[in-house]
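The lines below spell out each chain.
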Amino acid sequence: MTDQTDVLDAVRRGMIPAHVYNDREIFELEKERVFSRAWVFVGHESEIARPGDYVVRRVLEDSFIVTRDEQGEIRAHFNMCLHRGMQVCRAEMGNASHFRCPYHGWSYRNDGRIVGLPFHQDAYGGEAGFKRKGQRLLPAPNLATYNGMIFLSMDPQAPPLEEFLGDFRFYLDYYTKQSASGIELRGPQRWRVKANWKIGAENFAGDMYHTPQTHTSVVEIGLFREPKAEKRKDGATYWAGAGGGTTYKLPPGTLDERLRYVGYPQEMIDRMTQQWSQDQRDLVGTDGFMISAASIYPNLSFVHNWPRVAESDDVLPFISIRQWQPISEDETEVLSWFAVDAEAPEEFKALSYKAYLMCFGSTGMFEQDDVENWVSLTNTAAGSMARRLQLNSRMGILEDDTEVVPQLTPEQFHGPGSAHTGYSEYNQRALLHRWADDLATPQATAGTLTVGEPEAVTPA
Ligand code: FES
Ligand SMILES: [Fe+2]
């Protein structure tokens, strides 16, 4: 294996060797050292609201049935039959008390326990030959939720999810906790793009610099109330814990006025006011920053924006959650959900969904603008010249690393972490810095589990 020390050192300085966006060896290393330990989003509790509801989601090549069992407990079963390894559940989502393997018909309860083996007596001599008790579909090594968001980690020793997310939880609440009921999801739409997975994650983490150029046409057709995309430099970017994002600076006003400005109805504003902490209220109400796009390391992103949905001047906000699911070094499956506060009025939900569809998802104008860049970039990164080029990702800092615009003080920005106004690439650097640290750290090998010996976990 190639020694990647020079590549990772350059990345930590904010100089990105261009080939990292299309490199087989780097991708293999990402599988082994990023996705084998991070907490990866696999769905939201609202997608599996009733007992028996399930969705099938992947972490790289590993398929999991994420389900709510009859007791209401959320589980993630490795979607591979204990017998000959067939994929037990082939549907994408549904409701089932049991899963029966299509190959030879072994069946499992939705809590993972095996219940039926055809011809158990004749084929195995009954319990004497194959003891069903204690046998279950392999559970995900680690599973946890935050604000109803379900994450799993392939590392049984992963730090607790809340610790992993760290102070980013403060910002996560704006997207996922606008009332005590939290959000509900619609989707996901899924599609594949011939682009490296890191590009989307970096873009949503902090690339407000691309808006005036890439999305000019969307601004020109008057989809937004803000007439100039250049307005983005007045917003702050922040980084805290496992993630970071961008904000817009809103015109002067109170918390209520500013939430109304982006299109929230009063009843939703009242619930947000109740739900959010003083600092969370101050960041919007006093400091005037409204969250927009964000990413959590490694591959989960969010967006909150407020386009015009009708001929009038009125705008309406929407939230989207999206995942950049790596397929290979040059291909990504995008999963794009619409998210909305579960207590929002029905009319708001309908219009917010329309706003989302105009901007993101397979029909979204932003989506299409963005992806054109990302595919082209990935393509060019495969060539030999890309191996000689270091991309400059040092925006916002001078040669000696001092800041072009000083960090905002806690009085100017009431959220945790560090925040800056002005054009910068602090967040893209923070994300890739974390990535470089993971890539430099070998992962301990996982143990194995053998059918017939459910308790036998042998360290390799
Ligand atoms: S592979 Fe599932 S029953 Fe045989
Ligand atoms: Fe964009």
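Report follows, based on the coordinates. (Residues numbered from 1 in each chain as written. Chains lettered and ligands numbered in written order. Predicted model: local features only at pLDDT ≥ 70, side-chain atom pairs only at ≥ 80, totals over all residues.)

Re the pairing of strand β4 (residues 62-68)
Okay, so step 1: The element β4 is largely enclosed, with a buried count of five among its seven residues.
Okay, so step 2: Of the strand pairs in this sheet, strand β3 (residues 53-59) and β4 are connected by six bridges, and their pairing is antiparallel. Bridge assignment links valine 56 to a residue of β4, and that residue is isoleucine 65.
Okay, so step 3: Between β3 and β4, which pair antiparallel and follow one another directly, the connecting turn spans two residues, one of which, leucine 60, has a positive phi of 50°.
Okay, so step 4: Relative to strand β5 (residues 74-78), β4 runs antiparallel, the two being bridged by five bridges. In the sheet register, arginine 68 faces β5, and the bridge partner there is isoleucine 74.
Okay, so step 5: Here β4 folds back onto β5, and the loop between the two strands holds five residues, one of which, glycine 72, carries a positive phi near 90°. (Buried ≥ 20, exposed ≤ 12 C-beta atoms within 10 Å, placed from the backbone. Helix = DSSP H or I, 4+ residues; strand = E, 2+ residues; numbered from the N terminus. Pairing = 2+ DSSP bridges.)

A short note on the sheet that holds β5
Okay, so step 1: Strand order in the open sheet formed by four strands is β5-β4-β3-β6, with antiparallel pairing between adjacent strands. Unpaired on one side and paired on the other, β5 and β6 (93-95) mark the two borders of the sheet. Shown here is a sheet whose adjacent strand axes are inclined to one another by a mean of 30°, direction ignored.
Okay, so step 2: For β3 and β6, the ladder comprises three bridges, and the chain directions are antiparallel. Considered in β6, the bridge of valine 55 is made with methionine 93. (Axes fitted to C-alpha atoms, helices over the stretch in contact; angles between N-to-C directions.)

Geometric values such as these leave the question of function open.
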